[in-house]
Amino acid sequence: MAKRVYEAWKGSNKFILGGRLIFGPDARSLIVTLALIIVPMIIFCIFVARHLRHEFSSYNAGYAVLVVAIGFTIYVLLLLFLTSARDPGIVPRNAHPPEEVLRFDSSASVEIGGRQTPSLQFPRTRDVLVNGVTVRVKYCDTCMLYRPPRCSHCSICNNCVERFDHHCPWVGQCIGMRNYRFFFMFVSSATLLCIYVFAMSAFYIKVLMDEYRGPVWKAMKESPASVVLMAYCFISLWFVGGLTGFHLYLIGTNQTTYENFRYRAENRFNAYDLGCFSNFFEVFCTEVKPSRNNFRAFVQEEVHRPVLPSERGAESEIEDFGANPRPKVEEDLDIGEDFLKISQRRNIELDQDVQSRGSNGTPENSMMVDSPMASGHRAPTIKSENRHSSYVRSGSWEIAPEVLVNSTFTERSYIPSSETRL
């Protein structure tokens, strides 16, 4: 049975409901985040908002405190869900490297079957034009693609994410092009919720002071839950409030968290800044692009890519030298045999020429000539004709010219060329 995409996913994401929801590998941290939101709000509704129902001039106006608290909490949780349970903008990875940049580098070669062959190389960067400014993008070895501008590979999720901002462990997901808007709304809404709970808790302390006509410490003693909530919201405001202010600055300058730290360290120009108003419009008023991944689709059978001409030559060499060396060896043996036959005929002609001149040489015994081929194969044994030593012919140990010619020619027949050596 064919698998679905989410079942064969190579990233570190976690899927639930049959691939309808996608989370990061640290999705369990969501339990902590939910607890930090829900538990304080339950305490607030029970020990603070419930007692404020009748503390306003209109008898039923106090119920708005409880309704707003519950509605605001649900809204924050919904934004958290939209941030952490959707595709942040994952770029589908390729099954093969891009063919348009495939090339062979002869300077970096690898040894295959005893022979140096070119190795496959890719340009590590590529220049693209963004708003009239040249931006350099990098090649991702894991996803086998050139990352689009503002894209980066998340080492936690093991995916390339478009407009990558950062990986947030509190939401258990990468923050990218498709969920950055909801992430900012979640953080800013959590900030407003903290301010609301802090203000209502302080108001309840004031009500208790007026009711008991006592000092503040006595009112705090009557409602310790209000004190705890005020302290909790004050600490949380430093976190979510500071994060909200930081991302307001990033949106106004059209930066991501990753770009802010990297560009500031490298002192690079921001090519994406369109002006404060246009930057906010781009984040909040543009349509969210659909996901480039259909996690519930069935995995398609891999289509073999066409072999490039440069690859075809290399593959043929690899097949010849590595996969099946036997035919190549037999071909080399045939060539060596032809060379030996030519050498044999040449020796006969030289001997006949010497005899015609009246040379009185003593024929030597026939010798066996073997071809020292690679891989342990030996050429067919061929007996050569009678030869005369240089001493007998010339009366000295000086090598005769015809022997030099014969020796040189025979030696060449035994040396395999660089094209046929294994």
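Criteria and thresholds
- Residues numbered from 1 in each chain as written.
- Predicted model: local features only at pLDDT ≥ 70, side-chain atom pairs only at ≥ 80, totals over all residues.
- Heavy atoms only, no water.
- Helix = DSSP H or I, 4+ residues; strand = E, 2+ residues; numbered from the N terminus.
- Buried < 20%, exposed > 50% of the residue type's maximum accessible area, 1.4 Å probe, protein only.
- Contact = heavy atoms within 4.5 Å.
- Pairing = 2+ DSSP bridges.
- Salt bridge = Lys/Arg side-chain N within 4 Å of Asp/Glu carboxyl O.
- Axes fitted to C-alpha atoms, helices over the stretch in contact; angles between N-to-C directions.
- Parallel < 35°, antiparallel > 145°, perpendicular 65-115°, else oblique.
- Left-handed = near helix turned anticlockwise from the far one by under 90°.
- Core = buried A, V, L, I, M, F, W, Y, C linked by side-chain atoms within 4.5 Å.
- Phe/Tyr/Trp six-rings, centres within 6.5 Å; stacked < 30°, edge-to-face > 60°.
- Lys NZ or Arg CZ within 6 Å of the ring centre and 35° of its normal.
- Expected span 1.5 Å × (residues − 1).
- 1 Å grid on protein atoms, 1.4 Å probe; cavity = no way out; pocket = protein on both sides within 12 Å on 5 of 7 lines; lining within 4 Å.
- Points joined across faces, edges and corners; volume = space filled by probe spheres on them.
- Nonpolar A, V, L, I, M, F, W, Y, C, P; charged D, E, K, R; others polar.
- Disulfide = S-S within 2.5 Å.
- pLDDT = per-residue confidence, 0-100.

Points about the overall build of the chain
Counting secondary structure elements, the chain contains 11 helices and 13 strands. Every one of the 422 residues in the chain was classed for burial, and the buried ones make up 37%. For the chain, the proportion of contacts with a sequence separation of at least 24, taken over those separated by at least 6, is 63%.

Here we look at the sheet that holds strand β7 (residues 145-146)
The sheet built from three strands is open, its strands ordered β5-β6-β7 with antiparallel pairing. The outermost strands of the open sheet, each flanked by one partner alone, are β5 (125-130) and β7. Sheet topology note: the β5/strand β6 (residues 133-140) ladder contains six bridges and is antiparallel. Following the sheet pairing, L129 is matched in β6 by T134.

A word on the pattern of salt bridges
Inspection of every chain in the model, using the stated rule, returns five salt bridges. Here R136 and D127 are joined by a salt bridge, their closest N and O atoms 3.2 Å apart. Between R292 and E162 there is a salt bridge, with the nearest N and O atoms lying 3.5 Å from each other. A residue pair is termed long-range when its members are at least 10 positions apart, and R292 in the loop between α7 (276-284) and α8 (309-323) and E162 in the loop between β9 (159-161) and β10 (166-168) qualify at 130 residues. Among the residues examined, R292 registers a relative accessible area of 47% and is labelled partly exposed.

Some words on the packing of helix α2 (residues 63-84) against helix α3 (residues 180-212)
The N-to-C vectors of α2 and α3 enclose an angle of 155°; their axes lie 9 Å apart at closest approach. As judged from the angle between their axes, α2 and α3 are roughly antiparallel. In the packing of α2 onto α3, the handedness of the crossing is left-handed. Residues A64, V65, V68, A69, F72, T73, Y75, V76, L79, L80, L82 and T83 of α2 touch α3, and the partners they reach there are F182, F183, M185, F186, S189, A190, L192, L193, Y196 and M200.

Things to note about the nonpolar core
Core analysis: the largest hydrophobic core is formed by 44 residues, its most contacted members being F44, V65, F186, Y196 and V197. Of all elements in the fold, only β2 (21-23), α1 (29-47), α2, α3 and α5 (224-253) reach the threshold of two or more residues within this core. Ranked by the residues each element gives to this core, the list is headed by α3, at 16 residues. Those residues in contact with V65 that lie beyond four places of it in its chain are F44, A49, L52, F56, Y196 and M200. Formed by six residues, the second largest nonpolar core is a distinct cluster that contains V91, C143, L145 and C151.

Focus on the packing of aromatic side chains
In this structure the tally under the stated criterion is 12 aromatic pairs. Measuring from ring centre to ring centre gives 6.2 Å for W9 and F15, while their planes differ by 80°; the resulting arrangement is edge-to-face. Among the aromatic residues, ring-to-ring pairing joins Y6, W9, F15 and F295 into one connected group. Over the aromatic face of F298 sits the side chain of R4, whose NZ or CZ is 4.3 Å from the ring centroid. Above the ring of Y146, the side-chain terminus of R126 is found at 4.1 Å from the ring centroid.

Some points on α5
Compared with an ideal rise of 1.5 Å per residue, which puts 30 residues at 44 Å, α5 spans 43 Å between its outermost C-alpha atoms and is within 8% of the ideal. When α5 is considered as a whole, its buried residues turn out to be A225, S226, L229, C233, S236, V240, T244, H247, L250, I251, G252 and T253. Directly after α5, the chain includes N254, whose backbone phi takes a positive value near 55°.

Things to note about the layout of surface pockets
Taken as a whole, the largest pocket holds about 660 Å³ of empty space. Around the largest pocket, the lining comprises 21 residues; the ones closest to its centre are V5, K10, R93, A95 and V299. The residue inventory of the lining of the largest pocket, partitioned by class, reads 10 nonpolar, six polar and five charged.

Remarks on the environment of L274
Along the chain, the position of L274 falls in the loop between α6 (257-266) and α7. Distance from L274 to N131, taken between C-alpha atoms, is 9.0 Å for residues 143 residues apart in sequence. Dropping the residues within four chain positions of it, L274 is found in contact with N131, N254, N279 and E282.

Digging into the state of the cysteines
Per the counting criterion, the structure on display carries zero disulfides. Distance from the sulfur of C151, which forms no disulfide, to the nearest cysteine sulfur (C160) is 4.5 Å.

Details of the environment of T33
Among the secondary structure elements, T33 is positioned in helix α1. Distance from T33 to P169, taken between C-alpha atoms, is 9.5 Å for residues 136 residues apart in sequence. Not counting chain neighbours up to four residues away, the residues in contact with T33 comprise L80, W170 and F186.

Looking at the pairing of β6
Both β6 and β7 contribute to a ladder of two bridges, which runs antiparallel. For Y139, the partnering residue across the bridge sits in β7 and is Y146. Here β6 folds back onto β7, and the loop between the two strands holds four residues, one of which, M144, carries a positive phi near 55°.

Some details on the confidence of the model for the chain
Per-residue pLDDT for the chain averages 76, and the proportion of residues at 70 or more is 64%. Here residues 317-333 is a poorly scored stretch, pLDDT under 50, and it has 24 contacts once near neighbours within four places are set aside; other chains count. Of the regions scoring below 50 in pLDDT, residues 359-422 engages in 100 contacts with residues more than four places distant in sequence or in other chains.

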